[in-house]
Amino acid sequence: MPDAPPPTLYLIDGHAQMFRAFFAIRGGMTSPVTGEPTNALFAFTGMLLKLFHDCRPEYAAVAFDADAPTFRDALFADYKANRDAPPDEFVAQIPRMYELARLFGLPLYEKAGFEADDLMATVARRVTDGSLPAMPDGLRLRLVAKDKDLEQTINDRVTLYDVQEAAEMDADALLAKRGIRPDQVIDYQSLLGDTVDNIPGVPGIGAKTAATLLERFGSVDALEARTGELKGKQKERIEAAIADGSLDLSRRLVTLDPAVEFPFDLAACKTDGSARVEADELRELFRTLGFNRHVDELNRLVGPPPTAKNKPKASTAGAGGLFDMPDEEGGDEVTPADGDYRVVDSLDGLAELAETIADRPVLCFDTETVGSGEDTRCIGVSLAWQPGEAVYLPIESPEPERCLPLDKVVDALRPALTSPDTIKVAQNLKYDYRVLRRSGLTVGPPCFDTMVAAFLLNRPGLSMDNLALAELGRTTIKISELIGQKPRRKADPPQKRMNEVALSRIGPYAAEDADVTLRLYEKLKPELEAAGMTSLADEVEMPLVRVLGDMELAGIRVAPSVLDEQREKLEARIAELRRDVLDAAGVDFNPDSPKQLAELLFTTLGFPTIKKTKTGYSTDSEVLETLTERAAAGELGGVAEGHRPIPGLILEYRMLTKLVGTYLVALKEAIADDGRVHTRFSQVSAATGRLASNDPNLQNIPIRTDVGRDIRKAFVAEPGHVLIAADYSQIELRMLAHLSEDEALIAAFREGQDIHAAVAAEVFGVPLDAVTSEQRGRAKVINFGIIYGITAFGLARRIDGLSREEAGKLIDGYKARFAGIDRFMNACVEQATEHGYVATILGRRRVIEQVQARNPQQRALGERLAINSVVQGSAADLIKVAMIRLADRLAESGMASRMLLQIHDELVVEAPDDEADAAKTLVVETMESAMALQVPLVAEAGVGADWFAAK
């Protein structure tokens, strides 16, 4: 039999691995429960899981840097002086990193006055000389680190290990990589120095030279004794470093202390495989942090958690209760945290339920469905009216004898769900509203959506599961417990459909959803009141849910033949552009490959470098636009004349390719059986409060180019109908005038002046009729840019020929002439700085954490967000109010006209031909009277057979 591998201790460099993880996943990750940053934690956790899965360590521990000065700081006051303070987002994750390591069963070691590297070097020395107590024979040490200082510890028993790359560095690997032996690492680092840690080294000595010197002389001591053999600048620099003590200082700084006194306990590092992993606590922490993928990885490592069985409960509704029937699937029943949950499975029970809920002030409902899109159908409804009690009404299930007819359920629920005296509550109410309306039941006002409420309150996670955990401390039943995990491979079993799940399993799941949502309502509603957002919620956001639901159900007709015609035309132009690009290049390459394009432009053809990334030359749109502009200005003298058109051709090629793939093809695929596209509007996506459009996203249809605008020709009215497109004129500037109370801007709007010309007259100090087109253009850029906190650098980039200094003077002049705007902008920043948030005209709050950042760029971003959020968010408030009032007025008028789309500041309405004029008038009147501002609101409307013609 082959000898068993020697036991191995894995000692992890905690902070270094965490910092590496932080930069491996740059920002954007936060816990959906707590809102804390999690990017470094996610990658750090992944490293630990991979270590345990791949290496199955017998022993493991983590060493950390103590939060205190070290002996190196005493040696050299400027040690690590070049390093910036660690990012706030990194520091915030450190306590969780300690928590994660402990839950993995790993002992944590640190000592004030020393770095983690010193502790690791001490353990390495003790493993090497056998002085570690209770050390098993042949123990090996793997230092989980990439720190080059730790290379000095490498020997026959100590190596460095990179978990991500599954790569081990021993003496041979070190020699191959750096050309030195482990006993030369300290000397190598002394010569080289370290700019990151501000270790001086010897100026002019790089990695290759340092290795060559050590190969020649063997050591720094020998080098110092034989400097006479050196020549020129190298001799001068090394002798100077010896004379001023910097070489000796460097050696002392890079030498790890192998004799740190700290209580390292090898027995405490014994992992017993993964037996010391606190799996249950880790699962809960992963759920809190939003690490769903890591839950699956943890289960593969330690096995899935055991499933507890419910105890049977008696039913009081209908002939049978939730747990009266055996689980036909033969598995364990799913387990709600608590609650009296029942299945109503008889018409008598349904009638009794209808009486019970008839006069409830609050009724929570939820639907279970199968299918997708416009084919979604209701297979069950759950209801809750007091915390801890809920019922499920099955419409389809594997037990048809216990199911209720859909029409009977709808008739029984109609009085309660349409009563003006009952608040109807749901999580993501718009979805359930659409499902029930397609089933013949239109849920009436007043309504309350817990997801929308959570969004208004700036909760980090909006799903019911995340809100239940964050707000109620409750872990809910996951849908995967009913239908299985989503297949990752072809061999994986498919998920079940919800109507295939036994009532003993779907019952508690569905009832819990309604119960938890009701509890969330009781938690969140008072918080809205405390935040001063009750009116915003009750009068705008909650009524808007039903308006958007009706718009989504209506959809808008799209003519596939028009899309096909446009696609064929653009594909012909794309093929022509591709030929032109290849002809101009003179070589064969793939224009769709950024890597090949970069190689062609900047290596082969000699175009000037504009921007580089970690992977090479950038060929993004900004780079190509710059090169196109330089070509037009004759500023590419080093590039052959025939090659200069390439960037411009690629820009057009990319634009048209995106139009075809993203819009023309995708739009056709999105057309439903009724010939209409049913986009989904989201109230909980944009932090400013603007609506978002998804599946498909109609807000991104390009309108700045003729070919982009042509796409709107495919959006057509039904026969006998027209489309009315109405949008606000300069709404954000008008809102800025109102909010800032700037007299000059208010006067210009009240007098109906060309606002950009009026601003130009003020800024440039000329009469209104003397404003040039160039002056007006610059004023227009400032007008729209000021809302987004435009900087001098940003303005200079947007206006050809304008220097940053000139742009700064232009902005200063603007602020001087419109002092009210400047005061308003400063007030927004002060509000964000003092209170942590800003508020819109209707009291919508947005948290602006960046204003408190230590990083100046992040702080400047926060200041811009503070200004933009107030202006853009107030404009979003306005158009939402207009939508609600328009929906009400159309209903009250008895018109057949209906709202279809809201895109930015524009509303699209479909009207019968004979209602077109009246509907247009109604739309404009409603939009212009939605709010009383200090400046007039102006809405402009057009009518046409398609969206393009209506614009």
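Each value, and the rule that gives it
Sequence positions are assigned chain by chain, starting from 1 and proceeding in written order. Since the coordinates come from a predicted model, pLDDT governs what is reported: local features require at least 70, and pairs of side-chain atoms require 80 or more to be given and counted, while whole-chain, interface and lining totals use all residues. Processing note: side-chain calculations cover all non-hydrogen atoms of the structure and skip hydrogens and water entirely. Counting from the N terminus, the helices are the DSSP runs of H or I reaching at least four residues and the strands are the DSSP runs of E reaching at least two. Relative accessibility decides the category of a residue: with a 1.4 Å probe and only protein chains considered, values under 20% of the type maximum give buried, values over 50% give exposed, and everything between is partly exposed. Contacts were defined at the residue level, with two residues in contact if any of their heavy atoms lie within 4.5 Å. In these tables, accessible area is a Shrake-Rupley quantity obtained with a 1.4 Å probe, and a residue counts as shielded only by the protein chains included in the view. A pairing counts as a salt bridge when a side-chain nitrogen of Lys or Arg comes within 4 Å of a carboxyl oxygen of Asp or Glu. Pairing of aromatic rings covers Phe, Tyr and the six-membered ring of Trp, with a centre-to-centre limit of 6.5 Å; geometry is then stacked below 30 degrees between planes, edge-to-face above 60, and tilted otherwise. Helix span is expected to be 1.5 Å times the residue number reduced by one. The angle separating two fitted axes, one through the seven residues that finish at a residue and one through the seven that start at it, defines the bend at that residue. Under this definition, polar contacts are N or O atom pairs within 3.5 Å; protein pairs additionally need one hydrogen-donor-capable and one acceptor-capable atom, and for neighbouring residues in sequence, both atoms have to be side-chain atoms. Two strands make a pair as long as DSSP finds a minimum of two bridges between them. A fitted line through C-alpha atoms represents every axis, and for helices the fit uses only the stretch in contact; the resulting angles, taken between N-to-C directions, go from 0 to 180 degrees. Take the buried Ala, Val, Leu, Ile, Met, Phe, Trp, Tyr and Cys residues and link them wherever side-chain atoms come within 4.5 Å; each set so joined is a nonpolar core.

Caption draft 1: Structural detail: the overall build of the protein. Counting its secondary structure elements, the protein contains 37 helices and 24 strands. Once the C-alpha set of the protein is aligned to its principal axes, its extents read approximately 100 × 85 × 55 Å. Burial status across the protein gives 51% buried among its 951 residues. Here the analysis covers contacts within the protein between residues at least 6 apart in sequence; of these, 69% occur between residues at least 24 apart. With an accessible surface of roughly 42200 Å², the protein has 50% of that area assigned to carbon and sulfur atoms.

Caption draft 2: Quick peek at the side chain of Thr-45. The topology assignment puts Thr-45 in helix α2 (residues 39–55). The residues contacting Thr-45, other than those within four sequence positions of it, are Leu-100, Phe-104, Phe-286, Phe-291 and His-294.

Caption draft 3: The arrangement of the pattern of salt bridges in detail. Going through the model one piece at a time under the given rule, you end up with 69 salt bridges. Across the salt bridge formed by Arg-434 and Glu-552, the nearest N and O atoms sit 2.5 Å from each other. Here the residue Arg-434 occupies a position in helix α17 (residues 429–438), and Glu-552 occupies one in helix α22 (residues 534–554), the gap between them amounting to 118 residues. Using a relative accessible area of 6% as the deciding quantity, one classes Arg-434 as buried. With a relative accessible area of 0%, Glu-552 lands in the buried category.

Caption draft 4: Structural view of the packing of aromatic side chains. For the coordinates displayed, the defined rule picks out 18 aromatic pairs. Ring plane angle 25° and centroid distance 6.3 Å describe the contact between Phe-19 and Phe-22, whose orientation is recorded as stacked. With Phe-19 and Phe-22 both in helix α1 (residues 14–24), this residue pair falls three residues apart, about one helical turn. Note on Phe-19: relative accessible area 32%, which makes it partly exposed. The class for Phe-22 is buried, based on a relative accessible area of 6%. On the numbers, 4.6 Å between centres and 85° between planes, the contact of Phe-19 with Phe-90 is edge-to-face. Highlighted residues: Phe-19 in helix α1 and Phe-90 in helix α4 (residues 88–91), separated in sequence by 71 residues.

Caption draft 5: Spatial organisation of helix α11 (residues 232–243). For α11, with 12 residues, the first-to-last C-alpha span of 17 Å sits near the 16 Å given by 1.5 Å per residue. Among the residues trailing α11, Gly-245 stands out with phi positive, at a value near 80°.

Caption draft 6: Geometry of helix α35 (residues 856–893). With 38 residues, α35 ought to run about 56 Å at 1.5 Å a step, and its terminal C-alpha atoms sit 55 Å apart, in line with that. By the largest-angle criterion, Ser-869 marks the main kink of α35, which is about 25°. Structurally, the start of α35 carries an N-cap: the backbone nitrogen of Gln-857 is 2.8 Å from a side-chain oxygen of Asn-855. Directly beyond the C-terminal end of α35, a positive phi value near 80° is found at Gly-894.

Caption draft 7: Examining the sheet that holds strand β3 (residues 108–109) more closely. Across the sheet, six strands lie side by side as β3-β2-β1-β4-β5-β6; this open sheet has mixed pairing. The open sheet terminates on both sides in strands that have one partner only, identified here as β3 and β6 (167–169). Inspection of the sheet shows strand β1 (residues 8–13) paired to strand β4 (residues 140–144) by five bridges, in the parallel sense. Note that in β4 the partner of Tyr-10 across the bridge is Arg-142. Seen against the sheet, α2 touches β1, β4 and β5 (158–162) and runs at an angle of roughly 170° to β1. Where helix α6 (residues 116–129) meets the sheet, it contacts β1, β2 (59–63), β3, β4 and β5, and its direction lies at approximately 165° from that of β1.

Caption draft 8: Structural context of the pairing of strand β19 (residues 721–728). With six of eight residues buried, β19 lies mostly within the body of the structure. As defined by bridge partners, β19 adjoins strand β23 (residues 906–912) across seven bridges and the pair is classed as antiparallel. Following the sheet pairing, Ala-726 is matched in β23 by Leu-907.

Caption draft 9: Focus on the nonpolar core. Counting 193 residues, the largest nonpolar core has Leu-383 and Leu-393 as its most contacted members. With 14 residues, α35 is the largest single contributor of residues to this core. Setting aside chain neighbours within four positions, we find Leu-393 in contact with Val-344, Leu-350, Leu-353, Ile-379, Gly-380, Val-381, Leu-383, Leu-404, Val-409 and Leu-413. By size, the runner-up hydrophobic cluster in this structure holds 49 residues, among which are Leu-150, Leu-191, Ala-211 and Phe-262.

Caption draft 10: Spotlight on the environment of His-756. For His-756, the position within the fold is in helix α30 (residues 755–764). With a relative accessible area of 2%, His-756 lands in the buried category. Residues His-756 and Gly-777, spaced 21 residues apart in sequence, show a C-alpha to C-alpha distance of 7.6 Å. In this view, His-756 contacts Gln-730, Leu-733, Arg-776, Ala-779, Lys-780, Asn-783 and Phe-784; residues no more than four positions away in its chain are not counted.

Caption draft 11: Inspection of the sheet that holds strand β11 (residues 423–426) at higher detail. Read across the sheet, six strands follow the order β7-β10-β9-β8-β11-β12 without closing on themselves; strand pairing throughout is mixed. Here the strands that pair on one side only, and so sit at the sheet edges, are β7 (340–343) and β12 (447–449). Strand-to-strand twist across the sheet, computed as the mean angle between neighbouring axes with direction ignored, equals 25°. By the bridge criterion, six bridges tie strand β9 (residues 377–386) to strand β10 (residues 389–394) in an arrangement that is antiparallel. The residue of β10 that forms the bridge with Gln-386 is Glu-389. Helix α15 (residues 347–357) contacts β8 (362–370), β9 and β10 of the sheet and is inclined by roughly 45° relative to β9.

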